[in-house]
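Overview (structure and organization)
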Amino acid sequence: MEELGKEEIEKLYKLSNCNMCGDCLDEATGCQFLGYDHERAVKEVTALIEGRDTPVLEDCITCQACQTFCPNGVNIFNWIIHRMDTEKTWIAPGLDRLNLYGLLPGLEKPWVMQKGDPDKPWVSVCLVHALLGPPGDIEMYKDSRIFKDLNLLGGTMNCLVGMTHAGLENATGPACLEAIKGNIDMYNTFCGGKEIIFSHDECIASLWQGEEQGLEVPFKHTHIVQYLNEYLKANKKDIKPLGLKVAHDSNCSIRYGPSREAWFDEFYELIGCTRVERRYDRENQLCCMPNFLLHRSAGAPERGVLPDVERAAEARKKNVDDAVAHGATHMAFICPGCMGNMVDDCLNVGLVPVNIIELAQMAFGERKARW
Ligand code: SF4
Ligand code: SF4
Ligand code: SF4
């Protein structure tokens, strides 16, 4: 990987804005996974910014949350992942020699899942549904009024922001940016430049990240919740308010692109659900931590860090317990990967896991929850 000059580093990561306050890594105000008090957070963030060794480069679980904790606009997570990637501190030995940026999205070629009205938009049904989602996920798209006449695109995957879960750089790095560019060309050619509605938050977040880095996306790109809200408003008379108390669970890529919170709030209101206010929602949402399999070590007990499998189980348990404690009966996911990862945790505490698309279909009486 090419070395960046000082000016380029400043442009990408804005490190000179950092006043070493430590808030991003302090457990009281920021990172929920490293277990740092204020003093330790200041020490480690100083080492991070100054380019010195720090256990953060091995122990961070790549949840991306600190990217939004900084009040001074430092791109702190982007800097962490840049260092992890260039210094190869995180990824499991051997995996670093694979071109994961090309490998994962190249698993399956794009194909037409449903041929709709040629003048209507496409819906990208991300491959993550099949790879990591819970059983029956793809069924959501079949025979639903919500997708009637739309063109369904199967087999694609643009979860390149999620490469960070392998200790690899996001779109601030050239390899990821190149992969996003390749996917933009593929989408544009396959869908004839028509609007694409992205069913997976992470796929559209990768496009938004690419745009921030100067890529042009020549087709209209729409988030699934923007589309659902428009559909719900246009078909208000058919909605039967669900009256459910729902714990919302966002995914890691929510940290990039425009804020989706107002879209989610509107969505729950339109289907007559209450989004319960709880600790691990909005800017404090907890990562489902699916990444430990790619990590080079199984945690670092000698540094007071739990093995990754235990940290992951602990994080998921904290998340579902918080939902139940705040009165939720359902947990709604926008990421099929997170949902696949957390189905058992939800069921163990009596929470019904649902994808937000299913919730909209339930409001039209089209289906029941799968569990
Ligand atoms: S990155 Fe931001 S939050 Fe973290 S220490 Fe620097 S100024 Fe504080
Ligand atoms: S990415 Fe997550 S785990 Fe890593 S330092 Fe930031 S908040 Fe902590
Ligand atoms: S599965 Fe969840 S945590 Fe993983 S890449 Fe998708 S959104 Fe991120």
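What counts as what
- Residues numbered from 1 in each chain as written.
- Chains lettered and ligands numbered in written order.
- Predicted model: local features only at pLDDT ≥ 70, side-chain atom pairs only at ≥ 80, totals over all residues.
- Heavy atoms only, no water.
- Domains from an automatic or database assignment.
- Contact = heavy atoms within 4.5 Å.
- Buried area = accessible area lost by both parts, 1.4 Å probe.
- Salt bridge = Lys/Arg side-chain N within 4 Å of Asp/Glu carboxyl O.
- Axes fitted to C-alpha atoms, helices over the stretch in contact; angles between N-to-C directions.
- Helix = DSSP H or I, 4+ residues; strand = E, 2+ residues; numbered from the N terminus.
- Parallel < 35°, antiparallel > 145°, perpendicular 65-115°, else oblique.
- Left-handed = near helix turned anticlockwise from the far one by under 90°.
- Buried < 20%, exposed > 50% of the residue type's maximum accessible area, 1.4 Å probe, protein only.
- Pairing = 2+ DSSP bridges.
- Near = heavy atom within 4 Å.
- Nonpolar A, V, L, I, M, F, W, Y, C, P; charged D, E, K, R; others polar.
- Phe/Tyr/Trp six-rings, centres within 6.5 Å; stacked < 30°, edge-to-face > 60°.
- Expected span 1.5 Å × (residues − 1).

**Overview of the domain arrangement of the protein chain**
Along its sequence, the protein chain is organised into domain 1 (6-87), domain 2 (100-226) and domain 3 (235-363). Put simply, the middle of domain 1 and the middle of domain 2, counted by C-alpha atoms, are 29 Å apart. Each partner contributes residues to the interface: domain 1 has 10 residues there, and domain 2 has 10 residues. Surface buried jointly by domain 1 and domain 2 totals about 840 Å² across both partners, of which 47% is contributed by carbon and sulfur atoms. Counting the surface domain 1 buries against domain 2, the share from its top three residues, Gln-64, Ile-81 and Asp-85, is 46%. Summed over the shared surface of domain 1 and domain 2, the number is zero salt bridges.

**Notes on the packing of helix 12 (residues 308-325) against helix 13 (residues 336-348)**
Running from N to C, helix 12 and helix 13 cross one another at 55°; their axes reach a closest spacing of 10 Å. If you check the angle between helix 12 and helix 13, you find them oblique. Remark: the crossing between helix 12 and helix 13 carries right-handed chirality. Where helix 12 approaches helix 13, its residues Arg-316, Asn-319 and Val-320 are matched on the opposing element by Asn-341, Met-342, Asp-345 and Cys-346.

**Description of the pairing of strand 3 (residues 151-154)**
Side chains of strand 3 alternate between two faces, with Asn-151 and Leu-153 and Leu-152 and Gly-154 buried alike. With three bridges connecting them, strand 2 (residues 122-124) and strand 3 associate as parallel partners. The residue of strand 3 that forms the bridge with Trp-122 is Asn-151.

**What about the environment of Gly-192?**
With respect to the helices and strands, the residue Gly-192 is situated in the loop between helix 8 (174-190) and strand 4 (196-198). Considered as a pair, Gly-192 and Ala-179 are 13 residues apart in the sequence and their alpha carbons are 20 Å apart.

**A look at the site of ligand 2**
In the vicinity of ligand 2, the residues found are Leu-25, Cys-31, Phe-33, Leu-34, Cys-60, Ile-61, Thr-62, Cys-63, Gln-64, Cys-66, Phe-77 and Ile-80. Each residue belonging to the shell around ligand 2 can be placed in one class, and the counts come to 10 nonpolar, two polar and no charged.

**Thoughts on the site of ligand 3**
In the vicinity of ligand 3, the contacting residues are His-165, His-200, Glu-202, Asn-251, Cys-252, Cys-288, Pro-290, Cys-335, Gly-337 and Cys-338. The residues that make up the shell around ligand 3 include at least three from each of domain 2 (100-226) and domain 3 (235-363).

**Considering the sheet that holds strand 3**
Taken in spatial order, the five strands of this open sheet run 1-3-2-4-5, and their pairing is mixed. Looking at strand neighbours, the two that pair on one side only are strand 1 (111-114) and strand 5 (221-223), the edges of this open sheet. Direction aside, the axes of adjacent strands within the sheet are offset by 35° on average. In terms of strand pairing, strand 4 meets strand 5 through three bridges, oriented parallel. Paired with Ile-197 across the bridge in strand 5 is Thr-222. On the sheet, helix 9 (residues 201-212) packs against strand 4 and strand 5 and is oriented at approximately 135° with respect to strand 5. Sheet strands touched by helix 10 (residues 224-234): strand 4 and strand 5. Its angle to strand 5, the strand with the most contacts, is close to 75°.

**Looking at the sheet that holds strand 8 (residues 330-333)**
One open sheet accounts for four strands, arranged 7-6-8-9; its pairing is parallel. Single-partner strands in this sheet number two, and they are strand 7 (274-275) and strand 9 (352-355). In the sheet, strand 6 (residues 245-249) pairs with strand 7 via two bridges, with the strands oriented parallel. Of the residues in strand 7, the one forming a bridge with Val-246 is Arg-275.

**Points about the packing of aromatic side chains**
All told, the structure shown has nine aromatic pairs when counted by the stated rule. With 6.4 Å between their ring centres and 55° between their planes, Trp-208 and Trp-263 make a pair best called tilted. Here Trp-208 is found in helix 9, whereas its partner Trp-263 is found in helix 11 (residues 261-270), with 55 residues between them in sequence. Note on Trp-208: relative accessible area 11%, which makes it buried. The interplanar angle of 70° and the centroid separation of 5.4 Å between the aromatic rings of Phe-267 and Tyr-268 together place this pair among those described as edge-to-face. An identical accessibility class is assigned to Phe-267 and Tyr-268; each is buried. A network of ring pairs unites the aromatic residues Tyr-187, Phe-198 and Phe-219 as a single cluster.

**Section: helix 13**
Spanning 13 residues, helix 13 covers 19 Å between terminal C-alpha atoms, matching the ideal 18 Å at 1.5 Å per step. Those residues of helix 13 lying buried are Pro-336, Gly-337, Cys-338, Met-339, Met-342, Val-343, Asp-345 and Cys-346. With its phi angle positive at about 80°, Gly-350 sits one or two positions after the end of helix 13.

**Some points on the side chain of His-330**
Position of His-330 among the secondary structure elements: in strand 8. Not counting the four nearest positions on each side in its chain, His-330 is found in contact with Leu-244, Lys-245, Val-246, Ala-247, Leu-351, Val-352 and Val-354.

**Focus on the environment of Lys-220**
Examined against the element boundaries, Lys-220 turns out to sit in the loop between helix 9 and strand 5. Judged by relative accessible area, Lys-220 falls into the exposed class, the value being 55%. For the pair Lys-220 and Ile-196, spaced 24 residues apart in the sequence, the C-alpha separation amounts to 6.4 Å. In contact with Lys-220, other than residues within four places in its own chain, are Lys-194, Glu-195 and Ile-196.

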